[in-house]
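Survey of secondary and tertiary structure
Okay, here's what each chain looks like letter by letter:
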Amino acid sequence: MINNLIKGWYEEMKKVEDYVRSIPDFPEKGIIFRDVTSVIQDPEGLKLAIDGINGLLEGVEYDMIVGPESRGFIFGVPIAYLNGKGFIPVRKKGKLPCETISTEYTLEYGTATIEMHKDAIRPGQKVVIVDDLIATGGTTEAIIKLVEELGGEVVKIVFLMELAGLKGKEKLTGYDVDSVIVYPGK
């Protein structure tokens, strides 16, 4: 019994940060890679992550959740489920079967194109964007463009982690952006 009490107390004290694996000098020297797989493979880590993201949405009125593949799906779908909302996938070009809208955006070493079904959002719908990480902000900026092209209103953007040193939040000025964990570096 005492062991169970101690175990329960210790688990209550853990934070989602405790489950993030930090890998120095990956993919290049001077970078600390923040690995989300160590969070989602642990039941308690995953629960803390979902609860943390969901907590950032307290008091926010919205109709739909939008998330990019693949980790936006991992975190966005359970949030949609918990709150009785629908989920809209944003995918790489050529992966969605119906009529789509698309936008191209800049990556660190090139460009990428993402798409969303043309009928995914009705004009006036309030949308929350959910993803695992904000680094440079390019993917999220592109998602905002798609949502707004369909007449949706982005009311909140939430991430599990933010790499503040890459200043991605600056691209999202004018939007309500929040993260469960904020790392000061890259």
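Described in the following lines is the structure provided in the data block. Quick caveat, the model's predicted, so the values are computed rather than measured.

Comments concerning the nonpolar core
Grouped together as the largest cluster of nonpolar side chains are 25 residues, with contacts concentrated most on Val66, Met116, Ile121, Val147 and Ile157. Of the residues forming this core, the biggest block, 5 residues, is contributed by helix H5 (residues 138–149). If we ignore the near neighbours within four places in the chain, the residues touching Ile157 are Ile129, Thr140, Ile144, Leu172, Tyr175, Asp176, Val177 and Asp178. In terms of nonpolar packing, the next biggest core, distinct from the first, is built from 24 residues, Val130, Val155, Leu163 and Ile181 among them.

Description of the pattern of salt bridges
All chains considered together, the criterion is met by 7 salt bridges. For Glu99, the salt bridge identified is with Lys118, shortest N-O distance 3.2 Å. One end of the pair, Glu99, is in the loop between strand E4 (86–92) and strand E5 (100–107); the other, Lys118, is in the loop between strand E6 (110–117) and strand E7 (126–134), and 19 residues separate them in sequence. Given the relative accessible area of 55%, Glu99 is considered exposed. Taking relative accessible area as the criterion, Lys118 reaches 43% and is therefore assigned partly exposed. With a shortest N-O distance of 3.4 Å, Lys156 and Asp176 are connected by a salt bridge. Residue Lys156 is found in strand E8 (residues 153–163), and its partner Asp176 is found in the loop between E8 and strand E9 (177–183); the two are separated by 20 residues along the sequence. With a relative accessible area of 6%, Lys156 lands in the buried category. The class of Asp176 is partly exposed, set by a relative accessible area of 40%.

Some remarks on the pairing of strand E3 (residues 64–68)
In terms of burial, E3 is largely enclosed, as 5 of its 5 residues are buried. With burial as the criterion, each face of E3 is covered, one bearing Met64, Val66 and Pro68 and the other bearing Ile65 and Gly67. At this point the chain moves from E3, through helix H4 (residues 71–83), to the parallel E4, and the crossover so formed is right-handed. In this sheet, E7 lies alongside E3 in parallel orientation, the contact comprising 3 bridges. Pairing of Ile65 across the sheet is with Val128, part of E7.

Describing the packing of aromatic side chains
Considering all chains together, one arrives at 2 aromatic pairs under this definition. Ring geometry for Phe26 versus Phe33: centroids 5.3 Å apart, planes at 90°, classification edge-to-face. Take Phe33: its relative accessible area is 34%, and that puts it in the partly exposed class. Between Phe73 and Phe87 the ring centres are 5.7 Å apart and the planes differ by 80°, which places this aromatic pair in the edge-to-face class. Of the two residues, Phe73 is situated in helix H4 and Phe87 in strand E4; the sequence distance between them amounts to 14 residues. The class of Phe73 is partly exposed, set by a relative accessible area of 24%. We note Lys14 situated over the ring of Tyr19; from NZ or CZ to the ring centre the distance is 4.4 Å. The lysine or arginine in question, Arg34, covers the ring of Tyr183, its NZ or CZ lying 3.8 Å from the ring centre.

Cut-offs used in this document
- Residues numbered from 1 in each chain as written.
- Predicted model: local features only at pLDDT ≥ 70, side-chain atom pairs only at ≥ 80, totals over all residues.
- Heavy atoms only, no water.
- Core = buried A, V, L, I, M, F, W, Y, C linked by side-chain atoms within 4.5 Å.
- Buried < 20%, exposed > 50% of the residue type's maximum accessible area, 1.4 Å probe, protein only.
- Helix = DSSP H or I, 4+ residues; strand = E, 2+ residues; numbered from the N terminus.
- Contact = heavy atoms within 4.5 Å.
- Salt bridge = Lys/Arg side-chain N within 4 Å of Asp/Glu carboxyl O.
- Right-handed = clockwise from strand over helix to strand, strands pointing away.
- Pairing = 2+ DSSP bridges.
- Phe/Tyr/Trp six-rings, centres within 6.5 Å; stacked < 30°, edge-to-face > 60°.
- Lys NZ or Arg CZ within 6 Å of the ring centre and 35° of its normal.

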